[in-house]
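# Secondary and tertiary structure notes
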Amino acid sequence: MEWDWEFTWNRVLPAMLEALPVTIQATVFSFVLAVVVGLPLMLLRKSSIRLVSVVVGEFIEFVRGTPLLVQIFFLFFVLPEFGITLPPLLTGILAIGLYNAALCSEVFRAGFDAVPKGQWEAATALNLSPRRTLTAIIIPQSLPPIVPALGNYLIVIFKETPLLSFVAVAEIMHVAKGIGVETYRFTEAITIAGILFLILSLIAAALVGIVERYVIRKVYH
Amino acid sequence: MAPKITFDNVTKRYGDLTVLDGLNLEIEEGEVVSIIGPSGSGKTTVLRVLMTLEGIQEGVISLDGEPFTHVRKGDGFVPAKPAHIRKLRTKIGMVFQSFNLFPHMTTLQNCIEAPVQSLGLRKDEAVERARELLGMVGMAEKEDHYPSQLSGGQQQRVAIARALAMRPEILLFDEPTSALDPEMVGEVLSVIRTLAAEHSYTMLLVTHQMGFAREVSDRILFFESGKFVEQGHPDTFFSNPQHSRTKEFLAKVLEAN
Amino acid sequence: MSASVARIAIVSALLAFVAGMVFATFSELRVFLPALLNGAVVTLQVSALSIVVFIVASVLAGIGRTSGFWPLRWLCAIYVEIFRGTSLLVQLFWLFFVLPEFGIVLSPLFAGILAIGLNYGAYGAEIVRGALGSVPKGQIEAGVALNIPKGKRMVRIILPQAVLLMLPGMGNQTIELIKSTALVSAVTLVDITYASVLQNNIHYRTIEIFSITMLLYYILSQLVRFGVAALEAKASRFRALEF
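Residues numbered from 1 in each chain as written. Chains lettered and ligands numbered in written order. Predicted model: local features only at pLDDT ≥ 70, side-chain atom pairs only at ≥ 80, totals over all residues.

## Quick word on the overall build of chain C
- Helices and strands together make up the secondary structure of chain C, namely nine helices and zero strands.
- Helices (α) and strands (β) of chain C occur, in sequence order from the N terminus, as α-α-α-α-α-α-α-α-α.
- Principal-axis analysis of the C-alpha atoms places the extent of chain C at approximately 70 × 55 × 20 Å.
- Here chain C holds 243 residues, and the buried ones make up 41% of them.
- Expressed as a percentage of contacts within chain C between residues at least 6 apart in sequence, the contacts between residues at least 24 apart total 78%. (Helix = DSSP H or I, 4+ residues; strand = E, 2+ residues; numbered from the N terminus. Buried ≥ 20, exposed ≤ 12 C-beta atoms within 10 Å, placed from the backbone. Contact = placed C-beta atoms within 7 Å.)

## A short note on the interface of chain B and chain A
- Across the contact, 22 residues belong to chain B and 16 residues belong to chain A.
- Every element with two or more residues in the side of chain B that touches chain A is listed here: helix H2 (82-89), strand E8 (92-95) and helix H3 (107-119) of chain B.
- If one sorts the elements of the side of chain B that touches chain A by residue count, H3(B) sits on top with four residues.
- Across the side of chain B that touches chain A, the residue classes break down as nine nonpolar, 10 polar and three charged. (Nonpolar A, V, L, I, M, F, W, Y, C, P; charged D, E, K, R; others polar.)

## Some words on the interface of chain C and chain A
- Tallying the contact residues gives 28 residues for chain C and 27 residues for chain A.
- Where the side of chain C that touches chain A is concerned, the elements lending two or more residues are helix H4 (88-98), helix H7 (150-180), helix H8 (192-203) and helix H9 (206-235) of chain C.
- Among the elements that make up the side of chain C that touches chain A, the one with the highest residue count is H9(C) (nine residues).
- Residue composition of the side of chain C that touches chain A, grouped by class: 16 nonpolar, 10 polar and two charged.

## Some remarks on the packing of helix H1 (residues 5-45) of chain A against helix H7 (residues 147-160) of chain A
Residue and element names in this part refer to chain A.
- Close contact between H1 and H7 brings their axes to 9 Å; oriented N to C, the two are set at 140 degrees. Classified by the angle their axes make, H1 and H7 are oblique. In this structure, the crossing between H1 and H7 has a hand that is right-handed. The residues of H7 that touch H1, namely those facing Thr27, Ser30, Phe31, Ala34 and Val35, are Leu150, Tyr153, Leu154, Ile157 and Phe158.
- Considering only residue class, the contact of H1 with H7 consists of eight nonpolar, two polar and no charged. (Axes fitted to C-alpha atoms, helices over the stretch in contact; angles between N-to-C directions. Parallel < 35°, antiparallel > 145°, perpendicular 65-115°, else oblique. Left-handed = near helix turned anticlockwise from the far one by under 90°.)

## Some thoughts on the packing of H4(C) against helix H5 (residues 108-134) of chain C
Residues and elements named next belong to chain C.
- As a packed pair, H4 and H5 sit with axes 9 Å apart at the nearest point and diverge in direction by 140 degrees. The handedness of the crossing between H4 and H5 is right-handed. Residues Leu88, Gln91, Leu92, Leu95 and Phe96 of H4 form the contact with H5, whose own contacting residues are Pro108, Ala111, Gly112, Leu114, Ala115, Ile116, Leu118 and Asn119.
- Its residues placed into classes, the contact of H4 with H5 shows 10 nonpolar, three polar and no charged.

## Examining helix H4 (residues 123-136) of chain B
Residue and element names in this part refer to chain B.
- With 14 residues, H4 should cover 20 Å at 1.5 Å per step; its first-to-last C-alpha distance of 20 Å lies within 8% of that length.
- Among all positions in H4, only Ala126, Arg129, Ala130, Leu133 and Leu134 are buried. Seen end-on, H4 carries its buried residues on one side only, within an arc spanning 135 degrees.
- Residues of H4 that are buried sit in contact with H3 and helix H5 (152-164).
- Remark: glycine 138 follows H4 within two positions and exhibits a positive phi of approximately 80 degrees. (Expected span 1.5 Å × (residues − 1). Arc of directions from axis to C-beta.)

## Some thoughts on the sheet that holds strand E1 (residues 5-14) of chain B
All names here are of chain B.
- Ordered by their spatial adjacency, four strands build an open sheet running E2-E1-E4-E5, and the pairing between neighbours is antiparallel. The open sheet terminates on both sides in strands that have one partner only, identified here as strand E2 (17-27) and strand E5 (66-67).
- Pairing geometry for E1 and E2, over seven bridges, is antiparallel. Following the sheet pairing, lysine 12 is matched in E2 by leucine 20. (Pairing = 2+ DSSP bridges.)

## What about the sheet that holds strand E3 (residues 32-36) of chain B?
Residues and elements named next belong to chain B.
- One open sheet holds the six strands; their spatial order is E8-E9-E10-E3-E11-E12, and the pairing between them is mixed. Each edge of the open sheet is held by one strand with a lone partner, namely E8 and strand E12 (227-232). Across the sheet, the mean angle from the axis of one strand to that of its neighbour is 20 degrees, orientation sign disregarded.

Set out below in structure tokens:
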């Protein structure tokens, strides 16, 4: 078995680069969805209305306890039954986003619980409304410590995008496998795909590090 | 005229532990009262239930004769709804042992947050009021600093200004100097002294600073085992305690000094 | 135990009720349920074998990372970086599609458990490493003072104490591992997930099939959670006092 460089340059790399935007889109939009839904989800779980907090809590546990792949299939096959037909990429983003929203809600919860009790008491002593207490005092303090953990999810989500190949989304893994099936040469395609993931992981990790440092500088003066 | 603060048979329990035991208390408007007693006796809890940081199991707390923690219903009382409490709670301000300044806001922002959000003041009005108060506590030049950039004594003075910005009628001080290094205690006590002498706030202090308590208070209350064991005017209280427990406590305190 | 059982019971009841109400097809369960349960057997097989690889890899790599012998340290670090930095699916495909081109043909099952075990082993290695580092230094010093050789020190003194510390993390990874067995459907193993897709294509009872599929995984993950909690309770028996 010999590595075919020409094949790599002419067939594999161009195809990978074409698939790259799809992977990046899937990653970024899923991440945004996860963060944007995760925070309200955490707040709902902390609701003083017993019914809400229990239902949301169990929902989160259920989402966390079932494989993402199955959830992708679930949305992919079930949504059309309700008349909602979305392009596979969108369905995938929805699935990955909501799954990680459930996971991120735990991260938000950790940050929230870490805010010192004295802050709540000061807000009460100053007669601030519960809503204002949350939005101006508690939540702003809960976010900076959890930025690293949240950023980590960007990388995790990135590595989950290959699951979308199961529903025929033209991301990196799907394209790589496709080349292999078509040309009977898997080595170059899959190895390059692997290296690409490695490089992108490192870039994403570096980006997260930059955001971390910026947040720390800005918030801790 | 009704007393400013009334505790009517107030009981508070944590599980099996009774911290406040059928407490009765009347504090007149403008009075400065110091509560002293052994550590862990629950003197702080007296302030905390008044500030509604914690609930009570029995009894009623009233402000200006009007029930605060409860509302009248028929012959008795039922726990008040949050809206009722919020309406009256604005009369009370509290200064905490650990300052509890908002770390993500500047000194000035700390002091205008509640007046703007809770009292509905316009921002410029709130800023003006805040600046005046910060000047009064000697922290005017630090208005753009963050709490992490201030010393303990400075933070506590800002905390006092923050509480005053709400124009409360009642001020609660929960061991305001206990968390401070000795050299900063004086600057905070000086502010409290000024408040007691030159203003008409009703003040409730929980403190270990006996000398200070003696100096500024109109009345001293000795608290132990859930009850007020003895009370008196500073002049007679320290020199001639009546109750044996009071004598024991004061003796220990004097020994330590 | 009762909490997990209650959870499973309630969720099952709810799902069954909802599915039943909407589609009134309880009797139809017989049509596809056996296939799903057969898939569950495969899932359990793959999970169990992967967990063995996972534990072995985690412990070896975790200890290897702290070794004084720098080639070993290096090797383990590379292993961890590569397997954490690439996707499980990539690793699976590499083992199943690429190795044959080098003359090494692995069965789907073998490729699956190797990929999953090594992938989670990389995460486990970090957990093991962290736990080993959290054992109080005094323990090592006592071992040295008692002249116990390094190898025995690790195995008989440090590792047992580290086990309690690593249980939560390893437990979580185990649950993730079990969920990830769903990926072996990509290499033709008929696990629960593969079975559910097949059954769906045949019978189109989409909501029931996938609901039950998720329920099966959920039951598995709750069982693992309970198991880990029981292990934690047992392992912390001797920790009556914490200083």
